[in-house]
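If you want the building blocks of each chain, they are given just below.
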Amino acid sequence: MEYGLVVRWLAVFLALGLAGAPLAALCFRRFPDRGAALALPLSLAVVGCVAYWVGHFSLVAGLVAGIAVLVGLSAIALRRLDRNEIGVRRALAPAAVFALAFLFMIAVRAVDPAIHPGGGEKFLDFGLLKSLFRTSHLPPEDFWFAGESVQYYYGGHLLTTLLAKLTLTEARYAYNLALAGFYAMVVTAAYGLAGAIAAERGRSARTAGVIAAFLVGFASNLETTGRAVLWALPDGATESVAAWLGVGIEGLAASPAAFSYWDASRVIPAESFIIPTEFPLFAWLNGDLHAHMLSTPFLLLAAACWFAYYRAPADAVWRRRLLAFGAVPPLAGLLAVVNTWSFPTIAGIGWLAMTFADSDPRGLFPQQITARLPTAGTAGVGREVVRTATALVAAAVVLALGVVWSLPFWLGSASGRAVAFLPERSALGPLLLVYGAFVAGLVAIAWLADAAAVAVFGPLLLAGWLVLAARRNADRTVTRPSSAGARGRPTESDGGTAEAHNSATVSDVGYETVLLVAGAGLVLLVEFVYIQENAGPGRFNTVFKTYAQIWILFATAAGAMAAWLVDTRPTGVADAMAGRWRVAGRALLAGVVLSTSIYGGLALTDQFTSEGATAQVDDPTLDARAFVPATHPDEAAAIAWLDDRSGQPHIASLPGCWCNDDPRKPYRWVNAPSSLTGLPTVAGWGHETGYRGTEPYRERVADVETIYEGNSEEQARLLAEYDIEYVYVGPNERAAYEGITVAGLRGVEVAQQFEGVTIYRVDQAELPS
C-alpha cells in the first residue's frame, strides 16, 4: 500500500484548500464556514481555468500560472476581508469531512484499484489520463484515433494530470488518488452548501451538512430495499406488487445472497436496454474516472455561487453582477471542458436563482438596457412573466460568456450532436426506486397515466415554483435590516420571537427549493428531449449523464430540508403536539437513512470480502495496472515496454469494434496496448463512431486489417500515412488476422519479443515507396 502517496495527496489537497480559503471567504462571506467547504473546488477551478488556456502553449507553464493566479486572487481577497472573517476554526469541520471521505474512498479503491475494461469506461478514462501525461500542450492527441486531437471533454482528466504533476505521481497511482479526492470534494461541498442553506433559515448547519454528505456520499436509490421487501413478501404477492409498480421481477426478488452492486445502477427499463441510473456511491465503487463524476464538485460550487447571488441584498448590484457575469461564466466554461452535460445545468440553476431572488434581475443590466425592457406593474402574472423572461436572458448571457471562456474546446474538442424529442418515457415503479427517497408521497395518481415522471415530478416542479414566488412576494411585505439573521423570517432583534423560528411558513422556503425545482425540471426534461448519439441507444446517455446531476441537487436540497424537518412544526400545531411532530419528522428521516443505507452496507461488505472479482489484488494497493500481470501475464511485459517509450509514437493494434459481430468488442480486453499506455493507435474502441462518425471509424478499422494482412504496397502506404512506429502482435491480433504479413515488409523488424507478444518497429525511411 502506497501510504506515502496518500499522505502527500491529502496534504496537497488541504494546502490547495488553504490557498483558496481567502477567495472562498470573499465569495461566500455569509456562509457559516465562510466558504471553507468549497475552497478546494474553487482553488482547482481557478488553476484549471488558467491552465486550460495557457496549457495550449505549455502544460507545465499552465500549472505554474494557475497556482500564481490563485495565490494572487487570494492575496487580493485577504486585503478586502476583516480579520474575523478568516479563521482556522471555521475550516476544521470541512477539513475533517474531506479527510474522512478521502480516506474512506482510498480504503475502497485499495482493494479493487483496477482499470479493467468490463463494466465501465476505465480504458477510456485511463487512456485520456495517460495521453495528457505524454503531451506537452493541449489538446492531447486522441489515443484511439492516431493523428487527431481528442474530441471529448477531458477537463477532469486535465485536473488529475495537474495534481499528479504537483505531487510527482505516476498515472497508475494518480487514477485512484484522484478518484478519492473528487469524491471527498463533492461530499464536502454538499456538507458546506446544505449547511449554509439551512443556516440562512435559522436551522442547524451541522445537521443539514451531515445529512447532505450522507445522501451524496453513501445513500443509494431504493432498488436494493425494494429487492429485500419483495423477497420477504408471501408467495404470489411479489409478482402482483412488481406488476403494479411496473418493475421487472427478474432478479429483483432474488435472495439477498444474490446481491450485486451493479443492479441498483440499472433500474429504468427501455425497449431494448436498461437506462443507467447511477448515484455517487455506485459510481465510485465501480471506479471509472469519468466526466459525470469529476464535474460534481464544480456543479455544487456553481450552485453555491448562485446561492450567494440569491441571498445578496437587493441594493448590492455590483456584487450580484460580479457573481452572475464574473464568477459563474469561467466556472461554466471549465465545466464545459470537464463534462459538457453540466454546462447548461449551471445556467438553469442560475435562471431559477435570478427568478426567485428578492432582487430584480433587470438590475443586472446597465440602465440603458433596462430602460428598454418591458414593465408589468408591481403585481400579477405579467410581472412574473417579465421577471422570469429577464432572468432567462441573463442566464443566456452567462452561457454565452461560458462559451467564450471555453472557446478552444468548442472550436476543436467538442463534437456535434442532434436533439431528438418524445422518447420512450419512464414507468412509475422504476422512478420510485430511483427517487422515492426524495419524493415519497407525490404518486397517488401516477399509475393512471403513461407519464409517471410528470405525475411524480410535475406537482413538485409546479408547487416549488409557486411557493418560491409566494415567498418572494411575502418577503416584500417585511421590512428587515440588512443584518437580519434569516431572510424573510423575523428574528428576535426584529421584534419576532423564538417561536417564529420553529413554525413552518411560506417564508421557510428558500434556496433548497430552487435546487429541488432544478432537479425536478431535469427529470421532466429528459422525458421529452434527448441528445441523439452513438454512445447508446435512444436516450441512454442523456438520462445517464443528467441523472448523475439530479442526484447531487436533490441530495443537497434534502440535507437542508432535513434540518428543517427535525426541528419544525407546521403553523397552527399546538405546543402539545409540537413534540410529536418533531418525533414524526425524525422517524421519517431515520426511515430514509435506513432505506438508503442497505445498498451501501451490502456493497461494501462485498467489496472487502469478495474473492472472485478479477479486479481485486492480493495486497491493498492504489496501482490501477496491478491486475494486468495476474489476469494477462502473456501481455503484461509487452504493455509495460510500450509504456516506457517516450513521446507519443503511433502504434497499430486490434480495434475494439462493434463490427460484423466480432467478439473482440469494447468493454473487453481489446486495445489494451493503447488504452493502458496512452500511445495513439490507428483505431481504438467503437466509441470513436460517436466522436468522428461511423464511416471514418470503419475506414480506419479496414486500414488496420490491411496493415496486418494486406499486400505490401498498401501496407507501406498506410504505415506511412498513419506514421506508425510500432506494430503490436498479441493474442487478439493473431486471433483476428489469420495471415499476418506485415512482419515480412521491408522496413519492419522485431523491436522486442515477449512470451505471447511480438512488437515490430517500423523504419519509415526503409519502407517500400
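Treat the numbers as computed from the prediction; the structure is a model and nothing was measured.

Trainee: In this structure, what is going on with the environment of Val187? I would like to understand it.
Mentor: Position of Val187 among the secondary structure elements: in helix α7 (residues 171-200). For Val187 and Ala101, which are 86 residues apart along the polypeptide, the C-alpha to C-alpha distance reads 7.1 Å. Sequence-distant contacts of Val187, defined by excluding residues within four places in its chain, comprise Val97, Ala101, Ala213, Val216 and Gly217.

Trainee: Looking at this structure, how should I read helix α14 (residues 317-338)?
Mentor: Since the α-helix advances by 3.6 residues per turn, residues separated by three or four positions end up pointing in the same direction. Taking 1.5 Å per residue, 22 residues should reach 32 Å; α14 reaches 31 Å between its end C-alpha atoms and fits that length. Along α14, the largest kink reaches about 40 degrees and is centred on Val328; proline Pro329 follows within four residues of it.

Trainee: Just checking my understanding: could you explain the side chain of Ser674 for this structure?
Mentor: By the secondary structure assignment, Ser674 is in helix α27 (residues 672-675). In terms of polar contacts, Ser674 uses its side chain to reach the backbone carbonyl oxygen of Leu679, at 2.7 Å. In this structure Ser674 touches Phe143, Trp144, Ile651, Leu679, Pro680 and Thr681, once residues within four positions along its chain are discounted.

Trainee: Sorry if this is basic, but what is going on with the side chain of Thr390 here?
Mentor: For Thr390, the position within the fold is in helix α17 (residues 381-405). Residue classification places Thr390 among the buried positions, given a relative accessible area of 6%. Of note is the side chain of Thr390, whose polar atom sits 2.7 Å from the backbone oxygen of Val386.

Trainee: I keep staring at a nonpolar patch on the surface and nothing clicks. Help me out?
Mentor: Together, Trp53, Leu401, Trp405, Leu407 and Leu411 give the surface a local cluster of nonpolar side chains, amounting to about 490 Å² of exposed area. If you list the elements that add at least two residues to the nonpolar patch, you get α17 and α18 (407-413). For Leu411, the position within the fold is in helix α18. You can call Leu411 exposed: its relative accessible area is 71%.

Trainee: Whenever I open this one, the pattern of salt bridges confuses me. Can you help?
Mentor: Oppositely charged side chains may form a pair once their charged atoms are brought near each other. What the rule picks out here adds up to 13 salt bridges. Across the salt bridge formed by Arg692 and Asp142, the nearest N and O atoms sit 2.7 Å from each other. Taken together, the residues Arg692 in helix α28 (residues 688-692) and Asp142 in the loop between α5 (122-134) and α6 (155-167) connect sequence positions 550 residues apart. Neither residue differs from the other here; Arg692 and Asp142 are each classed as buried. Across the salt bridge formed by Glu278 and Arg266, the nearest N and O atoms sit 3.9 Å from each other. With Glu278 in the loop between β2 (274-276) and α11 (280-286) and Arg266 in strand β1 (residues 266-269), the pair connects residues that are 12 residues apart, well separated along the chain. Within the structure, one salt-bridge network assembled from shared partners comprises Lys130, Arg134, Arg625 and Asp643.

Trainee: Help me understand α7 in this model?
Mentor: Taking 1.5 Å as the rise per residue, α7 with 30 residues should run 44 Å; its terminal C-alpha atoms sit 42 Å apart, in good agreement. With 28 of 30 residues buried, α7 is to be regarded as a mostly interior element. Note on α7: the residue one or two positions beyond its end, Gly202, has a positive phi of about 80 degrees.

Trainee: So what exactly am I meant to see when it comes to the packing of helix α4 (residues 88-110) against helix α24 (residues 598-609) here?
Mentor: Helix-helix packing is characterised by the crossing angle of the two axes and by the distance between the axes. For the pair α4 and α24, the least separation of the axes is 9 Å and the interaxial angle reads 50 degrees. In terms of orientation, α4 lies oblique with respect to α24. Facing Phe104, Ala107 and Val108 of α4, the residues of α24 in contact are Leu604, Gln607 and Phe608. Residues that form the contact of α4 with α24 fall into these classes: five nonpolar, one polar and no charged.

Trainee: I'm lost on the environment of Ala39 in this one. Help?
Mentor: Mapped onto the elements, Ala39 comes out in helix α2 (residues 39-54). Dropping the residues within four chain positions of it, Ala39 is found in contact with Gly17, Gly20, Ala21 and Ala24.

About the thresholds
- Residues numbered from 1 in each chain as written.
- Predicted model: local features only at pLDDT ≥ 70, side-chain atom pairs only at ≥ 80, totals over all residues.
- Heavy atoms only, no water.
- Helix = DSSP H or I, 4+ residues; strand = E, 2+ residues; numbered from the N terminus.
- Contact = heavy atoms within 4.5 Å.
- Expected span 1.5 Å × (residues − 1).
- Bend = angle between axes of the 7 residues up to and from the residue.
- Polar contact = N/O pair within 3.5 Å; in protein donor to acceptor, adjacent residues only side chain to side chain.
- Buried < 20%, exposed > 50% of the residue type's maximum accessible area, 1.4 Å probe, protein only.
- Patch = residues over 30% accessible without salt bridge, like charges linked within 9 Å, V, L, I, M, F, W, Y side chains within 5 Å.
- Areas by Shrake-Rupley, 256 points an atom, 1.4 Å probe, with all protein chains shown as cover.
- Salt bridge = Lys/Arg side-chain N within 4 Å of Asp/Glu carboxyl O.
- Axes fitted to C-alpha atoms, helices over the stretch in contact; angles between N-to-C directions.
- Parallel < 35°, antiparallel > 145°, perpendicular 65-115°, else oblique.
- Nonpolar A, V, L, I, M, F, W, Y, C, P; charged D, E, K, R; others polar.

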